[in-house]
Amino acid sequence: MDQKDINIDIHSEFFTKKFKVTLTKREPINHDSYLFRFDFQNGKERLGMQAVQHIKIYGLNMNGEIVDRAYTHVYEDDGYFLIPIKIYRPNVLPQFPNGGELTPWLEKIDLNSELTIKRCIGKLLYHNNQFIVRPKANKNWSQFNTVLLICGGSGITPCYQLISAICNNPNDNTQMILLYANKSEQDIWLMKELKDLQDKHKDQLTVHYTLDKSDEKWNGLKGFVSLEMMTSIFPKATETTLGVLCGPKPMNKLVLSLYEQFGLKKENIVKF
Ligand SMILES: Cc1cc2nc3c(=O)[nH]c(=O)nc-3n(C[C@H](O)[C@H](O)[C@H](O)COP(=O)(O)OP(=O)(O)OC[C@H]3O[C@@H](n4cnc5c(N)ncnc54)[C@H](O)[C@@H]3O)c2cc1C
């Protein structure tokens, strides 16, 4: 499949049609997250999207109102796909007594429940060594030699999808440097998968972790993402450097400004 064959029409049925999938598994990953498995009803369909596209899951908030949120699958095969999801439970933090709107519902619904989902075009499209930045507004493919990725917590999923797609393309030698921030070591997702990719693509992919809270055994980076941290691990920004980010709101605000201070062109910065 060539670039010209990729569907970038957001009004096409591929992106507008809602459909049902069945929740068939919900396996704990850590203290607040699960790997969800969703099955297509005909047992063979696929999401069939390009990197870095996500789905919307529709569900109910605590008042019984319909809400939707974005999620990025990390694996798919004929008939099903897998998504890690962090649950924002009520009464964990005093400032959020109700928790999140959608994820408490996703934690409670019965296995074999049917959910409504929809495909979304996303903020960045990657195919065959080429990217479209903000495909809703722009239809031009362009190339980047280096991709910097900064994410926090569950924000790893779109970054992982992009890293996997680039690594799985033997004709693409784009350099990727990932800076993945978490509260503590137990919050890190996809560590084994990232290590496997890094081992296989040593010349292409570098992964750094930073933690808010760590013990003396931790030999990664420490503290919040900063310009100093970025300067110590990223190559100098050029015209062909793309910077992507995905994390909680306050982190996104910080990283957007840090990327600009680091020298990235505004149009080459993408928040998933
Ligand atoms: C492109 C994209 C892809 C994404 N992919 C994934 C994915 O693959 N997996 C995934 O888990 N998420 C993903 N997300 C995030 C997801 O869309 C939701 O924002 C998230 O699940 C929270 O939804 P919610 O309705 O439960 O919480 P919301 O009602 O949206 O509120 C979340 C916010 O409430 C606060 N909050 C509430 N309760 C708590 C609590 N107990 N502890 C801490 N803070 C709390 C925090 O400020 C938190 O950021 C993605 C987001 C985007 C934009």
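Note that the structure is predicted; figures quoted are calculated from it, not measured.

1. Notes on the pairing of strand β14 (residues 241-246)
The buried fraction of β14 amounts to six of the six residues, a majority that puts the element mostly inside the structure. The two faces of β14 match: T241, G243 and L245 on one face and L242, V244 and C246 on the other face are all buried. In this structure, β14 lies alongside strand β15 (residues 269-271), joined through three bridges in parallel fashion. Considered in β15, the bridge of G243 is made with I269. Considered for its hand, the β-α-β crossover made up of β14, helix α6 (residues 249-262) and β15 is right-handed.

2. Things to note about the site of the ligand
Not every one of the 23 residues close to the ligand is listed here, only the nearest: A70, Y71, L102, T103 and T157. Within the side chain of R69, an N or O atom sits 2.9 Å from an oxygen atom of the ligand. A distance of 2.9 Å is found between a nitrogen atom of the ligand and a backbone nitrogen or oxygen belonging to R89. Protein contacts shield 77% of the accessible area of the ligand, which totals 980 Å² for the unbound molecule. Secondary-structure elements contributing two or more residues to the shell around the ligand are β4 (66-71) and β6 (80-86). Per-element tally for the shell around the ligand: the top contributor is β6, with four residues.

3. Some points on the UniProt feature "binding site: FAD" (unreviewed entry) in the protein chain
Here, the residues flagged by UniProt with the feature "binding site: FAD" (unreviewed entry) are R69, Y71, K86 and T157. Spanning 89 residues, the named residues nonetheless gather at one spot, since no C-alpha pair among them exceeds 13.9 Å. Turning to its location among the elements, R69 is positioned in strand β4. A relative accessible area of 35% means that R69 is categorised as partly exposed. Among residues more than four places away in sequence, those in contact with R69 are I55, K56, I57, E101 and L102. Mapped onto the secondary structure, T157 falls in helix α3 (residues 156-167). With a relative accessible area of 6%, T157 lands in the buried category. With residues near it in sequence (within four places) discarded, T157 still touches T72, V74, P84 and W189.

Parameters and conventions
Per chain, residue numbering runs from 1 following the sequence as it is written. This being a predicted model, a pLDDT of at least 70 is required before a residue's local features are given, and a value of 80 or more before pairs of side-chain atoms are given or counted; all residues contribute to the totals for chains, interfaces and linings. Working from all heavy atoms in the structure, the side-chain values ignore hydrogens and water. The cut-offs for exposure are 20% and 50% of the maximum accessible area for each residue type, with area from a 1.4 Å probe on protein chains only; residues under the lower value are buried, those over the upper are exposed, and the others partly exposed. A helix here means a DSSP run of H or I that spans at least four residues, while a strand means a run of E at least two residues long, and both kinds are numbered starting from the N terminus. When DSSP finds two or more bridges between a pair of strands, those strands are recorded as paired. Throughout, right-handed denotes a crossover for which the path from the first strand over the helix to the second runs clockwise when the strands point away from the viewer. Each residue is tested against the molecule or strand, and it is near if at least one of its non-hydrogen atoms lies within 4 Å. Each polar contact in these results corresponds to two N or O atoms within 3.5 Å; when the atoms are within protein, one needs to be able to donate a hydrogen and the other to accept it, and residues that are neighboring in sequence are counted only if both atoms are side-chain atoms. The Shrake-Rupley method, run with a 1.4 Å probe, gives the accessible areas here. Residue values count only the displayed protein chains as cover. UniProt positions are given in the numbering used here, feature names are shortened, and annotations may be inferred rather than shown by experiment. Residue contacts follow a heavy-atom distance rule, with two residues in contact if any of their heavy atoms lie within 4.5 Å.

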